[in-house]
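Structural overview
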Amino acid sequence: MKERIFLILANLFWAGNYVIGKYVVNEMSPLWITFTRWFLALVFLIPFSYFLERPNYRKIFRNYWLPLCAMGIFGVIGYNLLLYGALEYTSPMNASIVNSLNPAMIVIFSYFILKERIRLVNVGGFALSLIGVLLILTKGHLEQIFQTTYNRGDLMMIAANLTWVFYSIIAKKLAVPPITATACSVLFSVIFLFPFLLIEPFNLAQLSTRVVVGIIYMWIFPSTCSFIFWNISVKKVGPSHAGVYLNLIAVFTALITILLGEKIFTTQIVGGILVLTGVYFATKMPKTYETVKSSAPSSLQD
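Owing to the predicted nature of the structure, the values given are computational and were not obtained by experimental measurement.

For the protein, the average pLDDT comes to 85, and 91% of its residues sit at 70 or higher. Helix α13 (residues 287-295) is the least confidently modelled element of the protein, averaging 44 in pLDDT, while helix α3 (residues 57-87) averages 95, the highest of any element. Segment residues 288-302: pLDDT under 50, and 17 contacts once partners within four positions in sequence are set aside and those in other chains are kept.

Counting through the fold element by element, Thr 267 comes out in helix α12 (residues 266-282). Put simply, Thr 267 and His 141 are 126 residues apart on the chain and 9.5 Å apart in space, counted from C-alpha to C-alpha.

Of note, Arg 54 is a non-glycine position whose phi angle comes to about 45°, a positive value. Mapped onto the secondary structure, Arg 54 falls in the loop between α2 (30-53) and α3. On the accessibility criterion, Arg 54 (53% relative accessible area) is exposed. Phi at Lys 115 is positive, roughly 60°, even though this residue is not glycine. Tracing the backbone shows Lys 115 in the loop between α5 (102-113) and α6 (120-137). Under the relative-accessibility criterion, Lys 115 is labelled exposed at 65%.

Moving on, we get to the packing of helix α1 (residues 2-24) against α3. Closest axis-to-axis distance for the α1/α3 pair is 9 Å, and the angle between their directions is 60°. Here α1 lies oblique to α3, going by the angle between them. Between α1 and α3 lies a crossing whose hand is right-handed. Between α1 and α3, the contacting residues are Asn 17, Tyr 18, Gly 21 and Lys 22 on the first element and Tyr 79, Leu 83, Tyr 84 and Leu 87 on the second. Residue composition of the contact of α1 with α3, grouped by class: 5 nonpolar, 2 polar and 1 charged.

A full pass over the atoms with the stated rule returns 21 aromatic pairs. Ring plane angle 0° and centroid distance 4.5 Å describe the contact between Phe 6 and Phe 229, whose orientation is recorded as stacked. In this pair, Phe 6 sits in helix α1 while Phe 229 sits in helix α9 (residues 209-237), placing the two residues 223 residues apart along the sequence. As far as the burial class goes, Phe 6 and Phe 229 line up, both buried. Aromatic pair Phe 61 and Phe 188: ring centres 5.6 Å apart, planes at 85°, arrangement edge-to-face. Taken as a pair, Phe 61 in helix α3 and Phe 188 in helix α8 (residues 178-197) lie far apart in primary sequence, 127 residues in all. Phe 61 sits in the partly exposed class, given a relative accessible area of 28%. Three or more aromatic residues link up through ring pairs in this structure, and these residues are Trp 14, Tyr 79, Trp 164, Tyr 167 and Trp 230. Sitting over the face of the ring of Tyr 50, Arg 54 holds its NZ or CZ atom 4.9 Å from the ring centroid.

Quick notes on the rules
Residues numbered from 1 in each chain as written. Predicted model: local features only at pLDDT ≥ 70, side-chain atom pairs only at ≥ 80, totals over all residues. Heavy atoms only, no water. pLDDT = per-residue confidence, 0-100. Helix = DSSP H or I, 4+ residues; strand = E, 2+ residues; numbered from the N terminus. Contact = heavy atoms within 4.5 Å. Buried < 20%, exposed > 50% of the residue type's maximum accessible area, 1.4 Å probe, protein only. Axes fitted to C-alpha atoms, helices over the stretch in contact; angles between N-to-C directions. Parallel < 35°, antiparallel > 145°, perpendicular 65-115°, else oblique. Left-handed = near helix turned anticlockwise from the far one by under 90°. Nonpolar A, V, L, I, M, F, W, Y, C, P; charged D, E, K, R; others polar. Phe/Tyr/Trp six-rings, centres within 6.5 Å; stacked < 30°, edge-to-face > 60°. Lys NZ or Arg CZ within 6 Å of the ring centre and 35° of its normal.

Right under this line is the structure:
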């Protein structure tokens, strides 16, 4: 039950990140947004990690530095740079719907990498969700699939999905407490990003109040809370099951978009329904398998 609440909250905060990110990216580059929010997130992540999990940092860095670096590169740097880059060219609604393909991609890649079970219904669900994404990419003209000039932002979101798939799979197999894993991967990410800031100088004093509030939101909620909640849940239920909840990002984004008085187009609604329906079947596992999987001890408890 606790894991479900964590997954719902994580995706609610991430949905807000899509909408707010659209405003922030008008004044800050994806590079500076990514560095700023994660540098600030370390203020929370490191103390939380130390007091809640009491990790042996020396041992963790010595034994797991490579997968932690990979998590930082895929889940922090790669995903966020591609996400904010995408929001420069596409709408938060489109970005969130394309992102909804993520759970199905996690199932497919978990089959090849983690050797998790997969059935014909999962493959069919993935195909259906892919059609929904293509419907959005082609603006409802599927017959022009090979003739359409695709929106750069939508394509960048597909690339972002790939980075998140690898992040989730690495997090599942890593024998490091979840909050500590998050803090360490973020630390590596900030170190990796810092030299690039010198190439792209920026005056933070020029930011508007709205963007400052947006950065604070990104710092506290999607950067800190969502990643902690997500990692805790992935350790308990696995990347495939947790990935189903990523569907809520599109739902929450749609609700926020409507509340802000912005329009949602028919192709987005139809495409979103196809994606969510497809993902439901793509992530559907046999009950016996789910029971065995949920009763198996996680690496956090070992």
